[in-house]
Amino acid sequence: MNAPSRSGFREIAAKQLARSATLGRQLAVRPLRGVQGARFARRMPAAAAAVPSGPPTVGENPLVAYFDANLEGPGIWKWRHCLDVYHHHFAKFVGKPVNIVEIGVYSGGSLGMWRHYFGEGARVYGVDIEKACVAYESETVRIFIGDQGDAAFWSKFCAEVPEVDIVIDDGGHRSHQQIATLEALLPHMRPGGVFVCEDLVGSHNAFHHYACGLSRNLNAAGSKPNELQRSIQSVSFYPYVTVIERRATPLDELVSEKRGTEWQPFFDSEGVNVA
């Protein structure tokens, strides 16, 4: 094979420089797009008024009814809008055998709420760093005392609780604790499981940035799904809350299919615009 001429080397170098410049521009634009989105969020106009659809159904969300009726006894402390987030993602488990892990037992009231909501088949596991929370243990509730930021604690927990369907992280609220909890328990969850992390307050919340980085891998291009695409159905963001849902069955391929026989002539068979 003949070596490239001097002009050939220059052509190759020019192409490499062009590719590098394109990549450089893309990398430079990405953080700017984040700033652009944040600015739009701050100036976004209010939504149009909703058209009334009739009186709300009484008891539509059982968690709201339970929370509002809990005027005495063990305390429950929740953001009110989280009750609808819970019901949206948890309703599929109601009346079924389900294993729930709640980090942050505090005064114990939510342990009873979960048992009431999911039914007799629910097994509730509470995790707290405060030893006094052992008092809330019962036949259907087991309490683990430990630091949620400690990988060794989670290793022991997973050995004793081999199957988990729901995780609610309402514990220490520090990003390193939340990340340690997610990385220990998300792979440990059964298919179809739901992971909830709460109290992500602040526009620059560190766990939110972590979750955004994780979710970017859902859009990674490739001939085969990566492990995140195979196992994660969705990453959802709500005010102060992030919800990650595992797929019920693995996604083994990413397929873009066509149906029909009549097509506009804007693109050729390779998807290139020929207009």
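Residues numbered from 1 in each chain as written. Predicted model: local features only at pLDDT ≥ 70, side-chain atom pairs only at ≥ 80, totals over all residues. Heavy atoms only, no water.

Topic: the packing of helix H2 (residues 62-69) against helix H4 (residues 109-118)
Relative placement of two packed helices is described by the angle separating their axes and the distance separating the axes.
Part 1 of the argument: Put simply, H2 and H4 touch, their axes get as near as 10 Å, and they point 140° apart. Classified by the angle between their axes, H2 and H4 sit oblique to one another. Of the two elements, H2 crosses H4, and the hand of that crossing is right-handed. Side by side, H2 and H4 meet where Pro62, Leu63 and Tyr66 of the first sit next to Gly109, Gly112, Met113, Trp114, His116 and Tyr117 of the second.
Part 2 of the argument: Of the residues in the contact of H2 with H4, the class split is 6 nonpolar, 3 polar and no charged. (Axes fitted to C-alpha atoms, helices over the stretch in contact; angles between N-to-C directions. Helix = DSSP H or I, 4+ residues; strand = E, 2+ residues; numbered from the N terminus. Parallel < 35°, antiparallel > 145°, perpendicular 65-115°, else oblique. Left-handed = near helix turned anticlockwise from the far one by under 90°. Contact = heavy atoms within 4.5 Å. Nonpolar A, V, L, I, M, F, W, Y, C, P; charged D, E, K, R; others polar.)

Observations concerning the pattern of salt bridges
Part 1 of the argument: Inspection of the entire model under this criterion finds 12 salt bridges.
Part 2 of the argument: In this structure, the salt-bridge partner of Arg230 is Glu227, at a minimum N-O distance of 3.7 Å. Note that Arg230 and Glu227 are positioned in helix H8 (residues 227-231) at a spacing of 3 residues, about one turn of the helix.
Part 3 of the argument: Note on Arg230: relative accessible area 28%, which makes it partly exposed.
Part 4 of the argument: For Arg230, the salt bridge is made with Asp252, and the minimal N-O distance between the two is 2.5 Å. Highlighted residues: Arg230 in helix H8 and Asp252 in the segment after strand S7 (241-246), separated in sequence by 22 residues.
Part 5 of the argument: Because the salt bridges share partners, they merge into one network encompassing Lys78, Glu102, Asp170 and Glu198. (Salt bridge = Lys/Arg side-chain N within 4 Å of Asp/Glu carboxyl O. Buried < 20%, exposed > 50% of the residue type's maximum accessible area, 1.4 Å probe, protein only.)

Describing the packing of helix H3 (residues 80-90) against H4
Part 1 of the argument: Where H3 meets H4, the axes come as close as 13 Å, and the angle between the chain directions of the two elements is 40°. By the criterion of interaxial angle, the relationship of H3 to H4 is oblique. The handedness of the crossing between H3 and H4 comes out as right-handed. Contacts between H3 and H4 involve Tyr86, His87 and Phe90 on the former and, on the latter, Trp114, Tyr117 and Phe118.
Part 2 of the argument: For the contact of H3 with H4, the residue count by class is 5 nonpolar, 1 polar and no charged.

What to know about the side chain of Ser110
Part 1 of the argument: Position of Ser110 relative to the elements: it lies in helix H4.
Part 2 of the argument: Excluding residues that lie within four positions of it along the chain, Ser110 makes contacts with Gly75, Ile76, Lys78 and Glu102.

Description of a nonpolar patch on the surface
Part 1 of the argument: On the surface, Trp79, Val201 and Tyr240 cluster together into a nonpolar patch covering about 270 Å² of accessible area.
Part 2 of the argument: Relative to the elements of secondary structure, Tyr240 occurs in the loop between strand S6 (232-238) and S7.
Part 3 of the argument: Its relative accessible area of 31% is what places Tyr240 among the partly exposed residues. (Patch = residues over 30% accessible without salt bridge, like charges linked within 9 Å, V, L, I, M, F, W, Y side chains within 5 Å. Areas by Shrake-Rupley, 256 points an atom, 1.4 Å probe, with all protein chains shown as cover.)

Topic: H4
Part 1 of the argument: Judged by how many residues are buried, H4 sits mostly within the fold: 8 of 10 residues are covered.
Part 2 of the argument: Structurally, H4 contributes buried residues whose contacts are with H2, H3, strand S1 (98-103), strand S2 (122-128), strand S3 (141-145) and strand S4 (164-169).
Part 3 of the argument: The first or second residue beyond H4 is Gly119, which carries a positive phi of 105°.

A word on the packing of aromatic side chains
Any pair of aromatic rings gets described here by the distance separating the centres and the angle formed by the planes.
Part 1 of the argument: Applying the stated criterion across every chain yields a total of 14 aromatic pairs.
Part 2 of the argument: Ring centres 4.8 Å apart and planes at 55° place the aromatic pair Trp79 and Tyr240 in the tilted group. With a gap of 161 residues between them, Trp79 in the loop between H2 and H3 and Tyr240 in the loop between S6 and S7 connect regions that are remote in the sequence.
Part 3 of the argument: Owing to a relative accessible area of 37%, Trp79 belongs among the partly exposed residues under this scheme.
Part 4 of the argument: Taken together, a centroid distance of 5.6 Å and an interplanar angle of 10° make the contact between Tyr86 and Phe90 stacked. Taken together, the residues Tyr86 and Phe90, both in helix H3 and 4 residues apart, mark about one turn of the helix.
Part 5 of the argument: By relative accessible area, which is 1% here, Phe90 ends up buried.
Part 6 of the argument: Three or more aromatic residues joined by ring pairs form one cluster here, namely Tyr86, Phe90, Trp114, Tyr117 and Phe118.
Part 7 of the argument: We note Lys258 situated over the ring of Trp263; from NZ or CZ to the ring centre the distance is 4.8 Å. (Phe/Tyr/Trp six-rings, centres within 6.5 Å; stacked < 30°, edge-to-face > 60°. Lys NZ or Arg CZ within 6 Å of the ring centre and 35° of its normal.)

Here's the deal with the nonpolar core
Part 1 of the argument: In this structure, Tyr86, Phe90, Ile100, Trp114, Phe118 and Ile166 are the most contacted members of the largest nonpolar core, which totals 28 residues.
Part 2 of the argument: In contact with Ile100, not counting residues within four places along its chain, are Trp114, Phe118, Ala122, Arg123, Val124, Tyr125, Ile166 and Ile168.
Part 3 of the argument: Core analysis: the next-biggest nonpolar cluster, separate from the first, contains 26 residues, Val101, Cys158, Leu186 and Cys197 among them. (Core = buried A, V, L, I, M, F, W, Y, C linked by side-chain atoms within 4.5 Å.)

Side note on the environment of Phe153
Part 1 of the argument: With respect to the secondary-structure elements, Phe153 resides in helix H5 (residues 151-160).
Part 2 of the argument: Sequence separation of Phe153 and Ala184 is 31 residues, and the distance between their C-alpha atoms is 9.7 Å.
Part 3 of the argument: Discounting chain neighbours no more than four positions away, the residues touching Phe153 are Val127, Phe144, Ile145, Gly146 and Asp147.

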